[in-house]
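Inside the fold
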Amino acid sequence: MIDLRSDTVTQPTAGMRKAMMEAPVGDDVFGDDPTVNRLQAISAERAGKEAGLFLPTGTQSNLAGLMAHCERGDEYIVGQNAHTYKYEGGGAAVLGSIQPQPLANAADGTIPLDLVAAAIKPDDTHFAKTRLLALENTIGGKVLPASYVAEATSFAKSKGLATHLDGARIWNVIVASNASLADLCGGFDTVSMCFSKGMGAPVGSVLVGSKELIKRAARWRKTLGGGMRQAGVLAAACLYALDHHLTRLRTDHENAEKLAKGLGEIPALKITSQSTNMVFVAVPEKDCAPLATFLKERGILTLMSPNLRLVTHGDLSAEDIDAAIAAFKAFYVAK
Ligand SMILES: *Cc1c(COP(=O)(O)O)cnc(C)c1O
């Protein structure tokens, strides 16, 4: 199968499985797991933060982060397209009693700061208390401009807002921009990072921030059911990914570029964006169903839609990309 649905579909590599098998473990709810502790310490150190917390998913990591910042009746400002707002079951509101204030993302994924300024509520009993600005990098595969991140985080600070970054794919930003993790996390109070996307671990996210915020998040993690026991078998996969899979993301970006170039040669299709490991393709509505079937019969999996997102990852070779392009072309020649 050539699976272009997401970078979450990657299988753990043989080396990763071996590292998982051999990991020293303990009961992490007691803080006893040496492998979890090592992952948390290394992640925090590389991000330039005081502390880290290992969580099963990025959704839980974002939620524990938001709940560490916000009390019941607080509000967070977030992009309309942000994962924390749109793709996490409304968890901030449902489980955190935090009111989202979504704002339209610009085409580059930023939230214009004049919109942010206008959305900050005055201290008045009519309003929820605006507490936090949440950004996402990459967003829709796009790297947020570094100048925007610097401006947005210092603006938030000047208004007394805390800042959270959903850095599920921060690793792709590192590779695409040659910035360090510490550079990218610098302006934020908390950052959530996923190891289960292009990094290829089966499970795992880390939240980093100050000791105080991470202590609060750890309490919420337990409440949310994310306190795990011998979790070192999972943390070992994440440590392995840091050592062996990070620089490999460059290949995913090259494959996405190649895919966009190939599909761009098909007149019926329009590449609407290509950045890091994602390609977005405008597919004529009437082609969606037959194209999805045609591709599937040739072993190519997509989440077909008129705004099709294709994602490259470590289980795809350059030959797989060629085969995918050829299949799309064959559909349109056959038509
Ligand atoms: C995948 C993802 C998450 C977390 O998703 P989980 O499936 O819960 O690990 C958060 N934010 C973004 C931008 C993501 O892509």
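My aim in this report is to walk through the structure given alongside it, one point at a time. Remember, predicted model here, so these are calculated numbers, not experimental data.

Cut-offs applied
- Residues numbered from 1 in each chain as written.
- Predicted model: local features only at pLDDT ≥ 70, side-chain atom pairs only at ≥ 80, totals over all residues.
- Heavy atoms only, no water.
- Pairing = 2+ DSSP bridges.
- Helix = DSSP H or I, 4+ residues; strand = E, 2+ residues; numbered from the N terminus.
- Axes fitted to C-alpha atoms, helices over the stretch in contact; angles between N-to-C directions.
- Near = heavy atom within 4 Å.
- Areas by Shrake-Rupley, 256 points an atom, 1.4 Å probe, with all protein chains shown as cover.
- Nonpolar A, V, L, I, M, F, W, Y, C, P; charged D, E, K, R; others polar.
- Parallel < 35°, antiparallel > 145°, perpendicular 65-115°, else oblique.
- Left-handed = near helix turned anticlockwise from the far one by under 90°.
- Contact = heavy atoms within 4.5 Å.
- Phe/Tyr/Trp six-rings, centres within 6.5 Å; stacked < 30°, edge-to-face > 60°.
- Buried < 20%, exposed > 50% of the residue type's maximum accessible area, 1.4 Å probe, protein only.
- Lys NZ or Arg CZ within 6 Å of the ring centre and 35° of its normal.
- Salt bridge = Lys/Arg side-chain N within 4 Å of Asp/Glu carboxyl O.

Right, let's talk about the sheet that holds strand β10 (residues 278-282) for a bit. Pairing is antiparallel across the open sheet formed by three strands, whose spatial order is β9-β10-β12. Each end of this open sheet is capped by a strand with a single partner; those strands are β9 (270-275) and β12 (307-311). The mean angle between the axes of side-by-side strands here comes to 20 degrees, regardless of whether they run parallel or antiparallel. Here β9 runs beside β10; their pairing, made up of five bridges, is antiparallel. When the bridges of β10 are listed, Ile-271 appears paired with Val-281.

This paragraph deals with the site of the ligand. What surrounds the ligand is the set Thr-57, Gly-58, Thr-59, Asn-62, His-83, Glu-88, Glu-136, Asp-166, Ala-168, Arg-169, Cys-194 and Lys-197. Look at the ligand: alone it shows 380 Å² of surface, and the protein chains cover 81% of it. Element by element, the count of residues in the shell around the ligand is highest for helix α3 (residues 58-69), at three residues. For the shell around the ligand, the per-class residue count stands at two nonpolar, five polar and five charged.

What follows deals with the packing of helix α13 (residues 288-297) against helix α14 (residues 318-334). Interhelical geometry of α13 versus α14 gives an angle of 130 degrees and a closest axis separation of 10 Å. One way to sum up the angle between α13 and α14 is to call them oblique. In terms of crossing hand, the pair formed by α13 and α14 is right-handed. Where α13 approaches α14, its residues Pro-290, Leu-291, Phe-294 and Leu-295 are matched on the opposing element by Ala-327, Phe-328, Ala-330, Phe-331 and Tyr-332. Counted by class, the contact of α13 with α14 contains nine nonpolar, no polar and no charged residues.

In the structure shown here, the tally under the stated rule is three aromatic pairs. Judged by centre distance (5.2 Å) and plane angle (45 degrees), the rings of Trp-171 and Phe-195 are tilted. One end of the pair, Trp-171, is in helix α8 (residues 170-177); the other, Phe-195, is in the loop between β7 (190-194) and β8 (205-209), with 24 residues separating them in the sequence. Since its relative accessible area comes to 0%, Phe-195 is described here as buried. Ring plane angle 65 degrees and centroid distance 5.4 Å describe the contact between Phe-294 and Phe-331, whose orientation is recorded as edge-to-face. In this pair, Phe-294 is assigned in helix α13 and Phe-331 in helix α14, connecting sequence segments 37 residues apart. Across this residue pair, the class does not change: Phe-294 and Phe-331 are buried. By way of ring pairs, the aromatic residues Phe-294, Phe-331 and Tyr-332 are connected into one cluster. Against the face of Phe-294 rests Arg-298, its NZ or CZ located 3.5 Å from the ring centre.

For the structure on display, the rule yields 13 salt bridges. Here Arg-5 makes a salt bridge to Asp-3, at a shortest N to O gap of 2.7 Å. What makes Asp-3 buried here is its relative accessible area of 10%. When the shortest N-O distance is used, the salt bridge between Lys-18 and Glu-22 registers 3.3 Å. Of this pair, Lys-18 and Glu-22 both sit in helix α1 (residues 14-22), four residues apart, which is roughly one turn of the helix.

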